[in-house]
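Chain and residue survey
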Amino acid sequence: MATDAPPPSKAEHHLPSTEEFAAVQESAEFGELRRSYRSFAFPLTVAFIAWYLLYVLLSNYAGDFMGTKLFGNINVAFVLGVAQFVTTFLIAWWYARHAAAKLDPKAEAIKSRMEGGA
């Protein structure tokens, strides 16, 4: 199987020391990376869990509402259940875009600086 990837480098990689890891972890750049991740992931996680629990609570305590037919044999419970899956995939897609645009460049800069010994 042919690939376009270059062969692995034979040069020695710089392995950061414990002190270098600690210094990077305390840096403003790493703090900004963590803030960027947390400001995206935490609110979406809370929102999705709330949305999921609403679905579970409606399923348990609002049977008449969830059983309401919308068209044909499709009821509210089915639509909300499918919406759970759609929401999951939308959040994953949105996170992938966010990570590629905001997180990955910052993380790559930190990684290359640590591995390069700069």
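Residues numbered from 1 in each chain as written. Predicted model: local features only at pLDDT ≥ 70, side-chain atom pairs only at ≥ 80, totals over all residues. Heavy atoms only, no water.

**Quick look at the overall build of the chain**
Stated formally: Working definition: helices are DSSP H or I runs of at least four residues, strands are E runs of at least two. Numbering for both runs from the N terminus. Exposure categories follow from relative accessible area, calculated using a 1.4 Å probe and restricted to protein chains: below 20% of the type maximum is buried, above 50% is exposed, and the middle band is partly exposed. By definition, residues are in contact when any of their heavy atoms lie within 4.5 Å. Computed with a 1.4 Å probe, the accessible areas rest on the Shrake-Rupley method; for each residue, only the protein chains presented here act as cover.
Secondary structure assignment for the chain yields four helices and two strands. Tracing the chain from N to C terminus, the helices and strands come up as α-α-α-β-β-α. Burial analysis of the chain (118 residues in total) assigns 15% to the buried set. Of all intrachain contacts in the chain linking residues separated by at least 6 positions in sequence, the fraction that spans at least 24 positions is 63%. Split by element, the accessible area of the chain, about 9,200 Å² in all, is 66% carbon and sulfur.

**Topic: a nonpolar patch on the surface**
Applicable threshold: Any residue with relative accessible area above 30% and no salt bridge may belong to a patch, with like charges joined within 9 Å and the nonpolar Val, Leu, Ile, Met, Phe, Trp and Tyr side chains within 5 Å. The salt bridge definition used is simple: a Lys or Arg side-chain nitrogen within 4 Å of an Asp or Glu carboxyl oxygen.
A surface patch of nonpolar side chains, amounting to about 910 Å² of accessible area, comprises Leu-70, Phe-71, Phe-78, Val-79, Val-82, Val-86, Leu-90, Trp-93 and Trp-94. Among the elements of the structure, β1 (69-71) and α4 (76-116) are those that each provide at least two residues to the nonpolar patch. Considering each element in turn, the nonpolar patch owes the most residues, seven residues, to α4. Mapped onto the elements, Val-86 comes out in helix α4. Val-86 gets classed as partly exposed once you look at its relative accessible area, which sits at 42%.

**What about the UniProt feature "transmembrane region" (unreviewed entry) in the chain?**
What counts is decided by this rule: UniProt positions are given in the numbering used here, feature names are shortened, and annotations may be inferred rather than shown by experiment.
In the numbering used here, UniProt assigns the feature "transmembrane region" (unreviewed entry) to residues 40-58 and 70-96. In residues 40-58, the share of helix is 100% and the share of strand is 0%. The end C-alpha atoms are 27 Å apart.

**Topic: the nonpolar core**
Going by this rule: Joining through side-chain atoms within 4.5 Å is the link that ties buried Ala, Val, Leu, Ile, Met, Phe, Trp, Tyr and Cys residues into a set, and such a set is a nonpolar core.
Among the nonpolar cores identified, the biggest contains six residues, and these are Val-24, Leu-33, Ala-99, Leu-103, Ile-110 and Met-114. Per element, the largest residue contribution to this core is four residues, and it comes from α4. Not counting residues within four places of it along the chain, the set of residues in contact with Ile-110 comprises Val-24, Glu-29, Phe-30 and Leu-33.

**Overview of the side chain of His-98**
Filter applied, for reference: In protein, a polar contact requires one atom able to donate a hydrogen and another able to accept it; more generally it is a pair of N or O atoms within 3.5 Å, and residues adjacent in sequence count only if both atoms are side-chain atoms.
In this fold, His-98 is placed in helix α4. On the accessibility criterion, His-98 (13% relative accessible area) is buried. For His-98, the side chain forms a polar contact with the main-chain oxygen of Ser-36, separated by 3.4 Å. Excluding residues that lie within four positions of it along the chain, His-98 makes contacts with Ser-36, Phe-40 and Leu-103.

**A closer look at the pattern of salt bridges**
It is possible for side chains bearing opposite charge to pair when their charged atoms get close. A full pass over the atoms with the stated rule returns three salt bridges. For Glu-32, the salt bridge is made with Lys-106, and the minimal N-O distance between the two is 3.5 Å. On the criterion of sequence distance, the pair formed by Glu-32 in helix α2 (residues 28-61) and Lys-106 in helix α4 is long-range, its members being 74 residues apart. Since its relative accessible area comes to 24%, Lys-106 is described here as partly exposed. Overlapping salt bridges, with partners in common, bring together Glu-32, Arg-35 and Lys-106 in one network.

**Some details on the environment of Ile-91**
Following the sequence through the fold, Ile-91 ends up in helix α4. Relative accessible area serves as the criterion here: at 22%, Ile-91 is assigned to the partly exposed category. In sequence terms Ile-91 and Leu-44 are 47 residues apart; their C-alpha atoms lie 7.8 Å from each other. In contact with Ile-91, not counting residues within four places along its chain, are Leu-44 and Phe-48.

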